[in-house]
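Residue strings, one per chain:
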Amino acid sequence: MKAIFIPFIFCFFSVRLFCQTLPVNPPEKIHPRLLFTEEKLSQIKENLHHPENLPAFTESEKILAEYFGKESGFTSVKKRSFRWSGKLVAAIEAAAFKYALTREKKYCDWAYKTFLNCCSSIDLIGIYDDYRPYGQMILTAAEIYDWAYSALSEKEKAELYKQTVSFMKKLQIGYPPLKGKSVTGHSAEGQLLRAYLAAAISMYDEHKDLWEMSASRFYSEFVPARLFFYESHAPNFQGTGYGPYRSIFDLWACLMIKAMGAEDPYQGKAALWSHYFLYNIRPDKMTWHIGDDHSIEKMTYNSFRYTANAILHYSLSKDPYAKFFAREGLDNFTKFKYNENGENDELLTPVQFLIFNDVALLPLDYKNLPSLYYAPSPLGEYFAFSAWDGKNVAALHLKIGEYAQANHEHQDAGSFEIFCNGLLASTAGFYVSGGGKDKNGGYRAEHTQNFYHSSVSKNTILLQLTPDTYEGYGLQRPLPEAKNFEQILSDRKYKRATITARYDNLKDGKGLVFLAGDISNAYDESSFVHRSMLALFTGDEKKPLYFFVYDQVDSLAKGIFLLNTLSEPIIQKNTITVSSGEERGSLKNIVLLPQSPQIKKIGGKGHQWEIAGKNYSGGSEKAVNEKSESGWGRVEISSSGAKNGRQTLFNAMEVFSGEKGLPAEEIRLLQTEDFDIALSEEFALGFYKGKKKNDGKSENYGKSENPAISLPEKEVKKNMRLVLCNLPDGKWTVNGKTYEVSHESKILIAD
């Protein structure tokens with residue numbers, strides 16, 4: 001009975017998925033149509049010797065000359081267990097492209113014959129993610145089929161189709177492509193979004209079922225998810241490593257569908273995130289540590305991953321800043337990538353560059369963009385810099401993180417990072433790719449899953465029941481990968497936070513950035529957790545930034561403020577000092593609340609990745625070296641907890657461009673009935689306490705019953721900068737003067 005039932009279910013869902021009406025089909029009996037039409041091909045031909053294209057054209061001719069006319073296939077290479085060559089596959093692509101340009105049949109014949117030789121000689125033993133080279137073979141078959149369509153016999157087309165289907169059956173998404181997820185995982189990469197769709201477009205006349213099975217799933221599952229997440233002005237929430245990589249395939253799908261003459265499936269919304277990854281870059285050319293990312297090993301962001309993404313993006317959205325970054329990262333468009341090791345799918349062959357490059361688009365330096373980027377709901381994230389680059393630049397990364405995707409995304413709701421001549425408030429841990437439980441930090445390794453992904457490695461909040469067990473340590477709730485996009489919307493666990501306020505007026509290195517959110521649902525042990533983060537950029541090169549974090553916690557668990565650092569912090573009473581060492585930057589954290597804090601250091605060799613007495617080291621010497629940003633450890637700041645009532649954690653930070661810094665500003669706490677205020681000689685920056693409802697949740701965000709505020713004039717002087725945060729929207733009167741507070745900002749800035 002079981003053997004009958006499972007195929008029946010599979011068949012039922014196959015029919016249900018593939019029988020829907022599709023919004024578009026490839027044009028029939030028109031070739032080429034994969035990546036270019038005849039009209040576009042004539043433009044490409046005209047621009048082959050353009051200064052931007054000449055290096056790619058020269059490289060394409062060189063690769064083709066290296067292999068053309070020879071009996072070629074995949075051969076064994078010393079010290080490799082597999083038989084595969086990305087350059088040979090690129091040469092086959094170049095031959096098919098050469099036929100499209102010249103109509104000389106010899107190029108079609110060689111491409112076809114050599115492709116079949118590769119099909120019979122391919123052996124991917126030892127390649128962990130073998131679906132990637134299999135997908136590349138499908139793409140290459142599609143290119144030959146479409147670009148050399150007029151020169152192929154019916155028998156040759158049938159053979160290409162046969163080989164294509166055989167490779168499709170080896171993919172993780174299967175044949176038909178029903179397996180895997182549409183938001184995360186390998187199935188959200190190139191298997192459907194490039195390989196399947198390429199073959200479906202190319203072979204549509206003879207094999208319409210390929211388009212029906214590919215496009216049905218693409219339009220029903222993949223497109224709605226991307227339209228939702230693109231509203232955040234980020235393509236996905238997979239971080240600085242996997243974010244630019246996975247969104248490459250979103251762009252491939254869009255470019256292929258548009259190239260055949262159809263409408264943009266993303267309705268132009270991909271342009272919303274064309275600058276997102278530019279702001280992932282810190283002033284030192286490294287990236288912020290968001291999600292699983294190798295850059296923690298001191299790799300600069302001029303790596304191939306985003307430059308390939310940027311080329312596809314400017315081809316689609318005509319963004320001149322993305323083109324500038326791509327040109328910079330690829331040495332004036334002279335670098336290409338062939339996936340020689342079989343593990344990397346972010347191809348950029350010379351032929352692909354010639355197809356995608358827009359010579360009419362003039363690049364513009366992205367450093368002329370504002371030094372501020374906000375990613376709205378469903379994300380809630382700020383990147384802010386006092387300047388794009390140079391010495392003594394202060395920079396911030398703030399995140400509320402409304403919806404979660406899991407997978408390579410971390411448990412980082414309500415987190416922050418701070419940079420000034422080095423990373424001062426950091427994340428901890430390291431990442432080594434690979435899906436095994438590798439002692440050196442593979443994706444499923446204990447270090448990765450239990451520490452690196454966890455909220456204790458981020459500058460956020462713990463809700464701790466007991467420090468003695470992992471389960472009671474107070475981490476944010478780990479999430480499995482959602483089965484589909486509908487689960488992310490319907491299962492409340494994936495809505496881990498809500499943005500409650502945001503505001504910015506940063507310009508020329510001066511101004512405010514404010515982000516606040518309810519992150520209660522990121523935890524199991526909470527009735528209410530709210531974090532407010534306020535940055536004051538001063539414009540002063542020596543002390544460029546003040547940063548304030550105000551946390552309100554209603555929970556039986558102890559609320560703990562986390563500060564992760566790369567060097568050992570110095571603790572003196574209620575002040576914590578962090579230095580970036582040789583890079584000469586420092587941070588002073590003053591604990592304003594609780595007034596008698598418990599401050600605990602956990603770190604140093606053998607303790608840097610510790611939770612509940614266990615150090616999740618991973619045993620890796622490779623990933624942890626003297627230049628690594630994997631962390632010294634952390635500081636935990638708390639009170640004794642509150643069984644009934646509100647716990648408030650209020651931290652004020654000063655950032656200095658020198659290691660020793662200037663004398664610390666005397667920042668003290670001023671409390672009124674309604675406000676907790678950080679007070680200095682220059683400013684009064686306060687946070688509204690709100691009311692408390694019977695269910696324990698704060699009523700900060702309704703209309704105020706008493707909008708008149710009286711602050712002690714002896715303390716809050718007229719010449720001070722006064723900022724009050726988390727106010728309900730409406731009119732407020734402060735010491736006799738009325739101000740309007742907007743619903744979005746919830747901030748009052750006094751004149």
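Residues numbered from 1 in each chain as written. Predicted model: local features only at pLDDT ≥ 70, side-chain atom pairs only at ≥ 80, totals over all residues. Heavy atoms only, no water.

Asker: Explanation requested: the overall build of the chain in the structure shown.
Answerer: The number of helices and strands found in the chain is 15 helices and 27 strands. In the chain, buried positions account for 62% of the 751 residues. Summing over all exposed atoms, the chain offers an accessible surface of approximately 28,800 Å²; the carbon and sulfur share of this is 50%. (Helix = DSSP H or I, 4+ residues; strand = E, 2+ residues; numbered from the N terminus. Buried < 20%, exposed > 50% of the residue type's maximum accessible area, 1.4 Å probe, protein only. Areas by Shrake-Rupley, 256 points an atom, 1.4 Å probe, with all protein chains shown as cover.)

Asker: Any chance you could explain the side chain of Asn-589 here in plain terms?
Answerer: For Asn-589, the location among the structural elements is in strand β14 (residues 586–593). At 2.9 Å, the side chain of Asn-589 forms a polar contact with the side chain of Asn-651. When near neighbours in sequence (up to four residues on either side) are disregarded, Asn-589 contacts Phe-561, Leu-563, Asn-574, Thr-575, Ile-576, Ile-637, Asn-651, Ala-652 and Met-653. (Polar contact = N/O pair within 3.5 Å; in protein donor to acceptor, adjacent residues only side chain to side chain. Contact = heavy atoms within 4.5 Å.)

Asker: Sorry, what's going on with the nonpolar core here?
Answerer: Side chains of a nonpolar character, in soluble globular proteins, are inclined to be buried together. Ranked by size, the top nonpolar core spans 155 residues in total, and within it Phe-97, Met-137, Trp-147, Trp-211 and Phe-218 carry the most contacts. Residues within four places of Phe-218 in sequence aside, it is in contact with Leu-192, Leu-193, Leu-197, Val-223, Ala-253, Ile-257, Pro-265 and Tyr-266. Ranked by size, the runner-up nonpolar core spans 44 residues in total, among them Ile-418, Leu-463, Ile-576 and Leu-649. (Core = buried A, V, L, I, M, F, W, Y, C linked by side-chain atoms within 4.5 Å.)

Asker: Got a minute to help me understand the sheet that holds β14 in this structure?
Answerer: In a beta sheet, neighbouring strands pair by backbone hydrogen bonds and run either parallel or antiparallel. Ordered in space as β7-β8-β9-β10-β19-β14-β13-β12, the eight strands form an open sheet in which the pairing is antiparallel. Each of the sheet's edge strands pairs with one partner strand only, and the pair in question is β7 (498–504) and β12 (570–572). Neighbour-to-neighbour, the strand axes of this sheet turn through a mean angle of 15°, independent of strand direction. (Pairing = 2+ DSSP bridges. Axes fitted to C-alpha atoms, helices over the stretch in contact; angles between N-to-C directions.)

Asker: I'm lost on helix α9 (residues 208–230) in this one. Help?
Answerer: For an α-helix, 3.6 residues make a turn, and residues three or four places apart therefore share a direction. Taken as a whole, α9 carries its principal kink of about 35° at Tyr-219. Where burial is concerned, most of α9 is hidden: 17 out of the 23 residues are buried. (Bend = angle between axes of the 7 residues up to and from the residue.)

Asker: So what exactly am I meant to see when it comes to the packing of helix α8 (residues 190–202) against α9 here?
Answerer: A pair of packed helices is captured by two measures, namely the crossing angle of their axes and the spacing between those axes. For the pair α8 and α9, the least separation of the axes is 9 Å and the interaxial angle reads 145°. Remark: the crossing between α8 and α9 carries left-handed chirality. Facing Leu-192, Leu-193, Tyr-196, Leu-197, Ala-199, Ala-200 and Ile-201 of α8, the residues of α9 in contact are Leu-210, Trp-211, Met-213, Ser-214, Ala-215, Arg-217, Phe-218, Phe-222 and Arg-226. Here the contact of α8 with α9 is composed, by residue class, of 13 nonpolar, one polar and two charged. (Left-handed = near helix turned anticlockwise from the far one by under 90°. Nonpolar A, V, L, I, M, F, W, Y, C, P; charged D, E, K, R; others polar.)

Asker: Mind showing me how you'd approach the sheet that holds strand β18 (residues 633–638) here?
Answerer: Read across the sheet, four strands follow the order β6-β11-β18-β15 without closing on themselves; strand pairing throughout is antiparallel. Where the open sheet ends on each side, the last strands, each with one partner, are β6 (461–464) and β15 (598–603). With strand direction ignored, the average angle separating the axes of adjacent strands in the sheet is 30°. With four bridges joining them, β6 and strand β11 (residues 558–565) adopt antiparallel strand pairing.

Asker: How should a negative patch on the surface be read in this particular structure?
Answerer: Taken together, the side chains of Asp-540, Glu-541, Glu-666, Glu-681 and Glu-682 define an acidic patch exposed on the protein surface. Its relative accessible area of 63% is what places Glu-681 among the exposed residues. (Patch = residues over 30% accessible without salt bridge, like charges linked within 9 Å, V, L, I, M, F, W, Y side chains within 5 Å. Salt bridge = Lys/Arg side-chain N within 4 Å of Asp/Glu carboxyl O. Lys, Arg positive; Asp, Glu negative; His and termini not counted. Charge placed at Lys NZ, Arg CZ, Asp CG, Glu CD.)

Asker: Explanation requested: unusual backbone geometry in the structure shown.
Answerer: In this structure, Pro-32 follows His-31 across a cis peptide bond, with omega equal to 0°. Structurally, Pro-32 is set in the loop between α1 (2–18) and α2 (38–46). In this structure, Asn-421 takes a positive phi of about 55° despite not being glycine. Located in the positive-phi region is Ala-612, a residue other than glycine, with phi close to 55°. Checked against the element boundaries, Ala-612 lands in the loop between β16 (610–611) and β17 (614–615). Overall, the relative accessible area of 25% leaves Ala-612 in the partly exposed class.

Asker: How do you make sense of the packing of aromatic side chains when you look at a structure like this?
Answerer: The description of an aromatic ring pair rests on the distance of the ring centres and on the angle between the ring planes. Evaluated as defined, the whole model comprises 49 aromatic pairs. Judged by centre distance (5.3 Å) and plane angle (90°), the rings of Phe-228 and Tyr-403 are edge-to-face. A residue pair is termed long-range when its members are at least 10 positions apart, and Phe-228 in helix α9 and Tyr-403 in the loop between β3 (394–399) and β4 (415–420) qualify at 175 residues. Measuring from ring centre to ring centre gives 5.3 Å for Tyr-245 and Phe-249, while their planes differ by 90°; the resulting arrangement is edge-to-face. With Tyr-245 and Phe-249 both in helix α10 (residues 239–259) and four residues apart, the pair spans about one turn of that helix. Pair check on accessibility: Tyr-245 and Phe-249 agree, each one buried. Over the aromatic face of Tyr-452 sits the side chain of Lys-458, whose NZ or CZ is 5.6 Å from the ring centroid. (Phe/Tyr/Trp six-rings, centres within 6.5 Å; stacked < 30°, edge-to-face > 60°. Lys NZ or Arg CZ within 6 Å of the ring centre and 35° of its normal.)

Asker: Got a minute to help me understand the confidence of the model for the chain in this structure?
Answerer: Regions with low pLDDT should not have their predicted coordinates read in detail. For the chain, the mean per-residue pLDDT works out to 91, and 90% of the residues sit at or above 70. Contacts of residues 1–16 to residues separated by more than four positions or lying in other chains number four contacts, the stretch itself having pLDDT below 50. Counting interchain partners and residues more than four positions distant, the pLDDT-below-50 stretch residues 693–702 has 27 contacts. (pLDDT = per-residue confidence, 0-100.)

Asker: Any chance you could explain the pattern of salt bridges here in plain terms?
Answerer: Two side chains carrying opposite charge are able to pair once their charged atoms lie near each other. Scanning the model with the defined rule gives 39 salt bridges in all. Between Glu-38 and Arg-103 there is a salt bridge, with its nearest N and O atoms 3.0 Å apart. Remark: Arg-103 occurs in the loop between α4 (86–102) and α5 (105–121) and Glu-38 occurs in helix α2; sequence separation between them is 65 residues. Among the residues examined, Arg-103 registers a relative accessible area of 38% and is labelled partly exposed. Note that Arg-132 and Asp-129 form a salt bridge whose closest N and O atoms lie 3.0 Å from each other.

Asker: Is there a simple way to explain the pairing of strand β25 (residues 730–734) in this structure?
Answerer: Regular strands have side chains that alternate between both faces of the sheet. Here strand β23 (residues 708–709) pairs with β25 via two bridges, running parallel. Counterpart to Ile-709 in the pairing with β25 is Val-734. Alignment of β25 against strand β26 (residues 737–741), held across five bridges, turns out to be antiparallel. Considered in β26, the bridge of Gly-730 is made with Val-741.

Asker: When you look at the environment of Ala-612 in this model, what are you seeing that I'm missing?
Answerer: Between the alpha carbons of Ala-612 and Asp-468 there is a distance of 4.8 Å; along the sequence they are 144 residues apart. Once residues within four sequence positions are removed from consideration, Ala-612 is found in contact with Pro-467, Asp-468, Thr-469, Tyr-470 and Tyr-473.

Asker: Would you mind showing me how to read the pairing of strand β20 (residues 668–671) here?
Answerer: As defined by bridge partners, β20 adjoins strand β21 (residues 675–679) across four bridges and the pair is classed as antiparallel. Opposite Leu-669, over in β21, you have Ala-678 as the bridge partner. Linkage of β20 to β21, two consecutive antiparallel strands, is achieved through a turn of three residues.

Asker: Would you mind going over the side chain of Asp-358 with me for this structure?
Answerer: Within the secondary structure layout, Asp-358 lies in the loop between α13 (350–356) and β1 (372–375). Polar contacts involving the side chain of Asp-358 include one to the side chain of Lys-318, which spans 3.2 Å.

Asker: It is not clear to me how the packing of helix α3 (residues 54–67) against α4 should be interpreted in this structure. Could you clarify?
Answerer: Look at α3 against α4: their axes get within 9 Å of each other, and the N-to-C directions meet at 105°. As summarised for this structure, α3 and α4 are arranged roughly perpendicular, according to the angle between their axes. Across the interface between the two elements, Ser-60, Glu-61, Ile-63, Leu-64 and Tyr-67 of α3 pack against Lys-87, Leu-88, Ala-90, Ala-91, Ala-94, Ala-95 and Lys-98 of α4. Classifying every residue of the contact of α3 with α4 gives eight nonpolar, one polar and three charged. (Parallel < 35°, antiparallel > 145°, perpendicular 65-115°, else oblique.)

Asker: Would you mind showing me how to read the environment of Arg-584 here?
Answerer: Within the element layout of this structure, Arg-584 appears in the loop between β13 (575–579) and β14. When its relative accessible area of 47% is taken as the criterion, Arg-584 is described as partly exposed. Counting along the chain gives 192 residues from Arg-584 to Asn-392, while the straight-line C-alpha distance between them is 8.8 Å.

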